[in-house]
Amino acid sequence: MTPETDILAEQACAVRRDVVRMIGVARSGHLASSLSIVDLLVWLYWEVLSLRADEPSWEERDRFVLGKGHGCPALYAVLANRSFFPREELWSYRRLGAMLQGFPEFRRTPGVDAPGGSLGQGLGLANGLALALREKTSAPSVYCLVGDGELQEGVFWESAMTSAHFSLDSLLLLVDRDGRQMEGATEDIMSLEPLREKFLAFGWAVEECDGHDFASMREARARLGSRRGKPGCIVAKTVLGKGVSFLENDPSGGRMVLGRDFMDKALRELEKGGD
Amino acid sequence: MPAPERSTRDAYGQALIELAAADPSVVAVDGDVGSATRAARFSALHPRRVFNVGMAEQDMILTAAGLALGGKNVYVSSYASFLVGRGYEQIRSAVAIPALPVKIVGSHCGVTVGEDGASHQMLEDLALMRAFPDMTVLVPADYVSALGLLKNAVSSRGPVYIRLGRAPVPDVYADGDEGFVPGGGRVLREGTEVTVCCCGIMVSEALRAAEVLARQNISAEVIDCYSVSPLPAQIILDSVHRTGCCVTAEEHFARGGLGEAVASLVSGAYPVPVKPVAVFDKFGQSGSPAELQEYYGLTASQIVSSAVQAWTMRRR
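Source: prediction; values computed, not measured.

Caption draft 1: Quick look at the nonpolar core. Residues Phe-156, Leu-173, Phe-199 and Trp-204 of chain A together with Val-76, Ile-104 and Tyr-161 of chain B are the most contacted members of the largest nonpolar core, which totals 82 residues. Split by domain, the residues of this core number at least three in each of domain 1 (10-163) and domain 2 (186-312) of chain B. When sequence neighbours within four positions are dropped, the list of residues in contact with Trp-204 of chain A reads Leu-123, Ala-160, Ser-163, Ala-164, Leu-171, Leu-173, Phe-199, Lys-230, Pro-231, Gly-232 and Cys-233 of chain A. Within the second largest apolar cluster, 61 residues are counted, among which are Tyr-12, Ala-209, Val-279 and Leu-292 of chain B.

As structure tokens, this is what we get:
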């Protein structure tokens, strides 16, 4: 492990603790789906995205769109730890009048570039952003993170055609491939495979990575390289509920309300430093 | 009266051309119906400022919303049945909730689409768009007011829906495209005994009806309520205070359109009878625009009989 990945791993552990706390305090929220994307978000926000925390609306910033809005506790915890807003805000997540709504709201939260909540819509918004920004001299990139279950929404594939047709090579799509959706395994409910081949057939450049291994993420991004006219996609293999042993791949984990006992148990595991 | 030559949709391409000259951020999203919506006139001049996403109305709305998030001033247009119908949830989640200033232009509204029939004749778009908080809903009566409304929408800070039609309509406004603003309305004919609130193709029908009513010694006031949401509330209330009764006229289902908006306004502020002229409880069908207007009762003579009924029930 390089020193850099060590720092990222520490950040990821801190973010996971905040995710568990905020959902525990709120007694509401999608814990397992949030935990699966923490490493991807930490990699993006500490290493990849060009941003200014003290100037969230900086025009030349890279943009990030969270398609799977139910995973927003992870995004909120990342933004708080990157000092976009005070960490205290996390403890009023999902409360009446709170800045941190149940699903991301544009304008309400510093650092949130796009609305989220209705599944399948993130890529279309990211396309529009990429089209709007491609004439800027700094050529900001647009990153979009989607869940695998939401790929079942028809509009997603309309948008996938648009990304390729308009040669949006400033766009990088990350698919959180944890293999699970609300009622079970994606392949039991509505098969997505062969996913890589689907994206290739739609005119995308595609790579795969381990969504909990920072070196693997870097390598996948490097292999995509300059895609010359093609939108890029990284299918990241992830584990639902990653980091909390009794949640990992538990089919009921996504809907679980986190009781006090479980919250303490999860935090004890995460205090040990994750993996 | 000379034969009508221009439809409200004809104003769309012209408005984009005029706006683009003044504002480099103006762009348009099209769903492969640019010839029909008249966006094509703009595309021919500014090919890099129009994004045709193909036959994909859901993605059209999302692309438009993303462009707005990226700082563009966006107009998105297609047939209203599909833009507003199929794109509804995208409009709700990606435009209305974040209150993005996207201009949604629904063309081919109402039965005057003609021969294409029910699937293409949108009659519930006003109901769907009026339901959203902070969505401005505009229905121009002719080419000139359509041009004015489309151009003024460019400075809106929130989302706007503009309803356009396919068939040519008579010119109502001779005095230029200035002054058509959200929340506005225009008293086109002053009267003292019945108020006629109308929009779209029904404005010229209402003006014809007012002539007939005058010959029957009923003085009708005709208000072009081109801003269906927000309504020109003060203009309407001032009028019904004087007349004591009201008729509404629109090329839309009676449910959820201008008529219910006006009824809701006056019932809370100054209750008077409100008789609606609209499409009641049935979808459209094939036919010529004139035949369909007659069949569905969207005519001057229907406004006359509703006005007489309202007048007999008037508040004294």
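Caption draft 2: Region of the structure containing the sheet that holds strand β2 (residues 142-147) of chain A. Residue and element names in this part refer to chain A. One open sheet holds the 5 strands; their spatial order is β1-β2-β3-β7-β6, and the pairing between them is parallel. Here the strands that pair on one side only, and so sit at the sheet edges, are β1 (63-66) and β6 (205-210). When strand polarity is set aside, the average angle formed by the axes of neighbouring strands in this sheet is 20°. Sheet topology places β1 next to β2; 4 bridges connect them, and they run parallel. Within β2, the position partnered with Phe-64 by the bridge is Tyr-143. Taken strand by strand, helix α5 (residues 122-133) contacts β1, β2 and β3 (171-177), and its axis lies near 175° from that of β2.

Caption draft 3: Broad picture of unusual backbone geometry. Here the residue pair Glu-193 of chain A and Pro-194 of chain A is connected by a cis peptide bond, since its omega of 0° sits within 30 degrees of zero. That bond from Ser-229 of chain B to Pro-230 of chain B is cis: its omega, -5°, falls within 30 degrees of zero. Within the element layout of this structure, Pro-230 of chain B appears in the loop between β10 (227-229) and α10 (233-243). At Arg-38 of chain B, a position not held by glycine, the phi torsion is positive, near 75°. With respect to the secondary-structure elements, Arg-38 of chain B resides in the loop between α2 (34-37) and α3 (40-45).

Conventions adopted
- Residues numbered from 1 in each chain as written.
- Chains lettered and ligands numbered in written order.
- Predicted model: local features only at pLDDT ≥ 70, side-chain atom pairs only at ≥ 80, totals over all residues.
- Heavy atoms only, no water.
- Core = buried A, V, L, I, M, F, W, Y, C linked by side-chain atoms within 4.5 Å.
- Buried < 20%, exposed > 50% of the residue type's maximum accessible area, 1.4 Å probe, protein only.
- Domains from an automatic or database assignment.
- Contact = heavy atoms within 4.5 Å.
- Pairing = 2+ DSSP bridges.
- Helix = DSSP H or I, 4+ residues; strand = E, 2+ residues; numbered from the N terminus.
- Axes fitted to C-alpha atoms, helices over the stretch in contact; angles between N-to-C directions.

Read these as spatial facts, not as claims about activity.
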